[in-house]
Amino acid sequence: MTIWKVIGWYVFAYPLAMSIIWISAGIYFGLRREKKHSEKDFQLLAEDWPSVTILVPCHNEEVNIAATSMALQFLDYPDYRVIFIDDASTDSTANVIRRFVKQNSNFHLLKLFKNQGKANALNIAVSIAVTTSITVVIDADTILLPDALKYLVYPYLKQPRLGAVTGNPISINRKNIIEKLQAAEFSSIIGLIKRSQRVLGRVLTVTGAITAYRTEILKEIGGFSPYTATEDIDITWRIQKNFYEVWFVPQAVGLIQSPATLKEYWKQRKRWALGGWHLLRTHKNIFKSWQWRYLYPIYIDFVLGYMWAFCFVFSTFLWIASYLFFPYSFGLSPIPAWYGAILSFVGVIQMTVAVFLNYSYDRNLWKELFWVPWYFIFFFAFGSLTVVWTAPKGLFGSLVGTGKWRSPKRFKT
């Protein structure tokens, strides 16, 4: 068997195997663990809900911060504060927030006059403004549904070793093909992955757009790291390395915006890929201790995924180059053949399962089934390219300043 056949089988078999695992574990999670708590259950806890602080880091968010603020006014929760952290915005973000602060006594604005980056901005708020036992962090474009806060907090009443509870982000902008594909991804890929990882015991990452943390654990582990492009991945690993649990609660729904243009999508995925390299660099020490063995499978799977990206990109480019400049081609053809048909078929099954599991939270998700066969071509290609593109900086670049941010382009909701 030639090297290209080995690589070819790996490129085909890895996503197929992972898809089967995600589908199987996702169904198990849905049938055994995904139980909705009734309003009656919540009413029994009417006097026991702990106070909560919601942190909303903002940097040039004037387009959407009003919609986010409006939703935060109507949360079905007895005792919560909202702290907007304006990280040196150059637009009218702070002015929009001030209008809501005047109208709501539990709303507060923490304005930073020098850009600190998202992680440092959150750490400042946690250290000087958070006095509650639970800290919820949402993105500036996240629309929390009224009952989301109760679903995020409820697990803390049952599990004392719980460090973080991450919610269910649902993409609401679905006009063009990029937006539609991402809507399918958040449910059929990200949602199923989190369900399956909870079944297997550890979670790769919380969702930065909607997560609740136990405040004392945040302080214990040193807060959010500014030395990574994705502070949500890093905080997840540090919580679990300190032997606290991370749960996924799909009933805690937050409506989010996905990148609407190819340019914004490319920037977002580059940041995600770079954060993955930072994860591999900063948490490789898990293999030094047997106590961290439960994190081994997630780390190894991440390595296999990045290896897959390199195999896919380089073998595809070799095929294109040899096809154009040599009498015979070698490498892997990017033109889908029988393997592409199988992956697309499994993708449709995966999306169908996701539609079933998420139907209570997103009743229009089934409309995106049509786009699933194109998902693998589009996302696998772009995802692999970002992994390869960011490899030099991710592996050898300085970690100082990687937490600086620029909000993606927003559109009014």
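Provided above is the structure to which this section pertains.
Here we summarise the structure given alongside this text. A quick note: this is a predicted structure, and the numbers were derived from the prediction, not measured. (Residues numbered from 1 in each chain as written. Predicted model: local features only at pLDDT ≥ 70, side-chain atom pairs only at ≥ 80, totals over all residues. Heavy atoms only, no water.)

Summed over all chains, the structure comprises 18 aromatic pairs. Plain terms: the ring middles of Trp266 and Phe382 are 6.2 Å apart, the flat faces sit at 75° to each other, and that makes the pair edge-to-face. Of this pair, Trp266 sits in helix H10 (residues 262-282) while Phe382 sits in helix H13 (residues 372-396), and the two are 116 residues apart along the sequence. The rings of Trp237, Phe287, Trp290, Tyr296 and Tyr299 are connected pair by pair, giving a single aromatic cluster. It is Lys241 that lies over the ring of Trp292; its NZ or CZ is 4.9 Å from the centre. (Phe/Tyr/Trp six-rings, centres within 6.5 Å; stacked < 30°, edge-to-face > 60°. Helix = DSSP H or I, 4+ residues; strand = E, 2+ residues; numbered from the N terminus. Lys NZ or Arg CZ within 6 Å of the ring centre and 35° of its normal.)

Right, let's talk about the nonpolar core for a bit. With 39 residues, the main nonpolar core has Val52, Ile54, Val56, Leu72, Phe84 and Val136 as its most contacted residues. A total of five residues in this core trace back to one element, the largest contributor, which is helix H6 (residues 148-153). Once residues lying within four places of it in the same chain are set aside, the contact partners of Val56 are Ile65, Leu72, Val82, Ile83, Phe84, Ile85, Ile138, Asp139 and Ala140. Among the nonpolar cores identified, the runner-up in size contains 25 residues, and Ala119, Ala121, Ala129 and Ile221 belong to it. (Core = buried A, V, L, I, M, F, W, Y, C linked by side-chain atoms within 4.5 Å. Buried < 20%, exposed > 50% of the residue type's maximum accessible area, 1.4 Å probe, protein only. Contact = heavy atoms within 4.5 Å.)

This part takes up the side chain of Asn64. With respect to the helices and strands, Asn64 occurs in the loop between strand S1 (52-58) and helix H3 (65-72). By relative accessible area, which is 1% here, Asn64 ends up buried. Here the side chain of Asn64 touches Gln257 through a polar contact of 2.9 Å, side chain to side chain. (Polar contact = N/O pair within 3.5 Å; in protein donor to acceptor, adjacent residues only side chain to side chain.)

This next bit is on the side chain of Gln350. Inspection of the secondary structure puts Gln350 in helix H12 (residues 338-358). For Gln350, a relative accessible area of 2% puts it in the buried group.

What follows concerns a nonpolar patch on the surface. A cluster of nonpolar side chains, Ile320, Tyr323, Leu324, Phe325 and Phe326, forms an exposed patch at the surface whose accessible area comes to about 590 Å². By the secondary structure assignment, Ile320 is in helix H11 (residues 296-325). For Ile320, a relative accessible area of 34% translates into the label partly exposed. (Patch = residues over 30% accessible without salt bridge, like charges linked within 9 Å, V, L, I, M, F, W, Y side chains within 5 Å. Areas by Shrake-Rupley, 256 points an atom, 1.4 Å probe, with all protein chains shown as cover. Salt bridge = Lys/Arg side-chain N within 4 Å of Asp/Glu carboxyl O.)

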